[in-house]
Amino acid sequence: MAAKLKLLKNCLLRLSAAVLALLILWSLQPKDLNKRVRFANGQWNGTRVWGDGQSRTEQMNGKEEGEARTSGLKSCFHLQEIKADGKELNHVFFLKVHKAGSTTVTNILYRFALTHDLNVALPRNGFQIAQRVSDWANRVQPLVPGTAGHYDILATHVVFNDTAAKQWLPRDTKYVAIVRQPFEQFVSAFYYYRDLFHIKRLQMVPGDDPIQTILFNLEKWDAELRGCGTMISNRMSCDFGVPFDQLRNSSFLQSYLNSLDRLFHLVMIAEFFNESLVLLKRTLSWSFKDILYINLSNKHKHRKYNLTPAQKENFRKTRLADFMLYEHFVRIFRQKVAAEGDNFADEVRSFNRVRTDVEEFCTGRGNGTNATRIIAASRYSPCFIVTSADCEFLSQDFRQLTSQNRQSMRKKGILL
């Protein structure tokens, strides 16, 4: 009951803020597109936001403040009606690869689904469809016959199986995934699944520094910890559907990677996360607001390691599949970025400014429910408004967003 009341409160908060913003904007007519302003905590903060997404602080008198505030709202209202180039795409399969920054991407997709009234493929119960088996199609919550017909987005943990994905998603679905540098993924996964999920085989590794324990005698511990179930041995390749008995077969792996190239429209790189998001935005014809995120403070911290050349070589041998996977898609990623043209780097910089601006607003805002920030249009994205309710929305985690999507679909009567 408490969870339902909290969910209802959040929904009402977002609705009231949105209605208030619309009422203010509706009363205004677009006039001057050159003056763009932003507000913090409902107060004029003496900063103009220009079309390049940069802000410049200026001293203004009272009359200028009033005119700028009105002009900024008019400008944004007018530009809200201008669609981005191309039709935004709503059908997405996202392979949620373990400990590779994938939860942030899933949250972006789940928020997009909620704001665009889309249907998300979810498990019959819980939060994950399948983490260890590739035949997972029957684990998806079925739809009421004669209602939706298909899901729009699938973005929770599954072992990649394009046949299963096609059973639930339309033919025009875009296939997206993410990978991370294998050693960094290994260390992150070890501490995360040992400390939060208490995997016994990870807890049995002795020493004050268990990573060094493993690296010191890698062959011994690799024999103990091999298998996708430990989450630390070629887990990314397991997520992509590589059979366990082929994880060290380089010829098979190269052939399999080539087949993945024909299926995936974009494989994001965790080390180039914002660049990956801009590529995702371009692939789906979305806007900056659609790919926004704020850094949540729940990341599991761990120390940095400097491996010796011998340790690097040994680690690579035992994680051959993950290294081939990562290096292959880094090459593809760089090719895609190069093909995007000279303005790609400028768009990434513009998105970085916008994302930082929104995060600072959300993390430093007051308690008032009328706090509003207007983000100026640029050549890459329309103007948009951020309210304190949007900040709450951006702060919700994977489980909250999963529950909201499930509740939304139940209200529509499409889930069996």
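Conventions adopted
- Residues numbered from 1 in each chain as written.
- Predicted model: local features only at pLDDT ≥ 70, side-chain atom pairs only at ≥ 80, totals over all residues.
- Heavy atoms only, no water.
- Axes fitted to C-alpha atoms, helices over the stretch in contact; angles between N-to-C directions.
- Helix = DSSP H or I, 4+ residues; strand = E, 2+ residues; numbered from the N terminus.
- Parallel < 35°, antiparallel > 145°, perpendicular 65-115°, else oblique.
- Left-handed = near helix turned anticlockwise from the far one by under 90°.
- Contact = heavy atoms within 4.5 Å.
- Nonpolar A, V, L, I, M, F, W, Y, C, P; charged D, E, K, R; others polar.
- Disulfide = S-S within 2.5 Å.
- Buried < 20%, exposed > 50% of the residue type's maximum accessible area, 1.4 Å probe, protein only.
- Expected span 1.5 Å × (residues − 1).
- Polar contact = N/O pair within 3.5 Å; in protein donor to acceptor, adjacent residues only side chain to side chain.
- Pairing = 2+ DSSP bridges.
- pLDDT = per-residue confidence, 0-100.
- Phe/Tyr/Trp six-rings, centres within 6.5 Å; stacked < 30°, edge-to-face > 60°.
- Salt bridge = Lys/Arg side-chain N within 4 Å of Asp/Glu carboxyl O.

Colleague: Describe the packing of helix α11 (residues 273–284) against helix α13 (residues 320–339), and please don't skip the residues or the numbers.
Modeller: Interaxial distance between α11 and α13 falls to 11 Å at its minimum, and their mutual angle equals 60°. Taken together, the axes of α11 and α13 lie oblique to each other. Crossing angle aside, the handedness with which α11 passes α13 is left-handed. Residues Glu275, Ser276 and Leu279 of α11 form the contact with α13, whose own contacting residues are Phe333, Lys336 and Val337. Here the contact of α11 with α13 is built from residues that sort into three nonpolar, one polar and two charged.

Colleague: An account of the state of the cysteines is needed here, citing residue identities and associated values.
Modeller: The final tally for this structure, using the stated rule, is two disulfides. Here cysteine 228 pairs with cysteine 238 through a disulfide, and the sulfurs are 1.8 Å apart. Residues cysteine 228 and cysteine 238 are joined by a disulfide whose S-S torsion is about -65°; by sign, that bridge is left-handed. Placement of the pair is cysteine 228 in the loop between α8 (218–225) and α9 (235–239) and cysteine 238 in helix α9, with a sequence separation of 10 residues. Across the pair, cysteine 238 and cysteine 228 agree in class, each one buried.

Colleague: An account of α13 is requested, with residue identities and associated values reported.
Modeller: If you check α13, its first and last C-alpha atoms are 29 Å apart, about what 20 residues at 1.5 Å a residue would give, namely 28 Å. Taken as a whole, α13 has its buried residues at Ala321, Asp322, Phe323, Met324, Leu325, Tyr326, His328, Phe329, Val330 and Phe333. Positive backbone phi, approximately 100°, marks glycine 341, located one or two places after α13.

Colleague: Before we move on, can you summarise the environment of glutamate 271 with the specific residues and values?
Modeller: Tracing the backbone shows glutamate 271 in the loop between β7 (266–269) and α11. For the pair formed by glutamate 271 and alanine 100, sequence separation is 171 residues and the distance between their alpha carbons is 9.2 Å. Those residues within four positions of glutamate 271 in sequence are excluded, and the remaining contacts are Val179, Arg180, Gln181 and Tyr326. A polar side-chain atom of glutamate 271 sits 3.0 Å from the main-chain amide nitrogen of glutamine 181.

Colleague: Give me the sheet that holds strand β6 (residues 174–179): which residues, what numbers.
Modeller: Pairing within the open sheet is parallel, and its four strands lie in the order β5-β4-β6-β7. Each edge of the open sheet carries a strand with a single partner, namely β5 (153–154) and β7. Its contacts with the sheet put α13 on β6 and β7, and the angle it makes with β7 is roughly 105°.

Colleague: Please set out the environment of leucine 247 residue by residue, giving values where relevant.
Modeller: Topologically, leucine 247 is positioned in the loop between α9 and α10 (250–263). Taking the C-alpha atoms as reference points, leucine 247 and arginine 319, separated by 72 residues in sequence, lie 8.0 Å from one another. Residues contacting leucine 247, with those up to four places away along its chain left out, are Asn234, Ser237, Cys238, Val242, Leu253, Leu320 and Ala321.

Colleague: Tell me what's going on with helix α14 (residues 343–364), and back it up with residues and numbers.
Modeller: Each turn of an α-helix holds 3.6 residues, which means side chains three or four residues apart point in the same direction. For α14, with 22 residues, the first-to-last C-alpha span of 31 Å sits near the 32 Å given by 1.5 Å per residue. When α14 is considered as a whole, its buried residues turn out to be Phe344, Glu347, Val348, Ser350, Phe351, Val354, Arg355, Asp357, Val358, Glu359, Phe361 and Cys362.

Colleague: Can you explain the confidence of the model for the protein chain? Please cite residues and give values.
Modeller: For the protein chain, the mean per-residue pLDDT works out to 83, and 77% of the residues sit at or above 70. Counting interchain partners and residues more than four positions distant, the pLDDT-below-50 stretch residues 24–69 has 97 contacts. The model gives residues 79–85 a pLDDT under 50, and that stretch makes 10 contacts with residues more than four places away or in other chains.

Colleague: An account of the packing of aromatic side chains is needed here, citing residue identities and associated values.
Modeller: For any pair of aromatic rings, the description consists of the separation of the ring centres together with the inter-plane angle of the planes. Applying the stated criterion to the full structure yields 24 aromatic pairs. Aromatic pair phenylalanine 183 and phenylalanine 315: ring centres 5.2 Å apart, planes at 80°, arrangement edge-to-face. Linking phenylalanine 183 in helix α5 (residues 182–195) with phenylalanine 315 in helix α12 (residues 309–318), this pair joins segments that are 132 residues apart in sequence. With a relative accessible area of 7%, phenylalanine 183 lands in the buried category.

Colleague: Could you give an account of the pattern of salt bridges, naming the residues involved and the relevant values?
Modeller: In this structure the tally under the stated criterion is 16 salt bridges. Its salt-bridge partner being glutamate 340, residue arginine 282 comes within 2.7 Å of it at the nearest N-O pair. Here glutamate 340 lies in the loop between α13 and α14 and arginine 282 lies in helix α11, a separation of 58 residues in the sequence. One salt bridge connects glutamate 347 with arginine 282, and the closest N-O pair in it is separated by 2.6 Å. Of this pair, glutamate 347 sits in helix α14 while arginine 282 sits in helix α11; the two residues are 65 residues apart in sequence, bridging distant segments of the chain. By relative accessible area, glutamate 347 is classed as buried at 2%. Here the salt bridges share partners, and the residues they tie into one network are Lys281, Arg282, Glu340 and Glu347.

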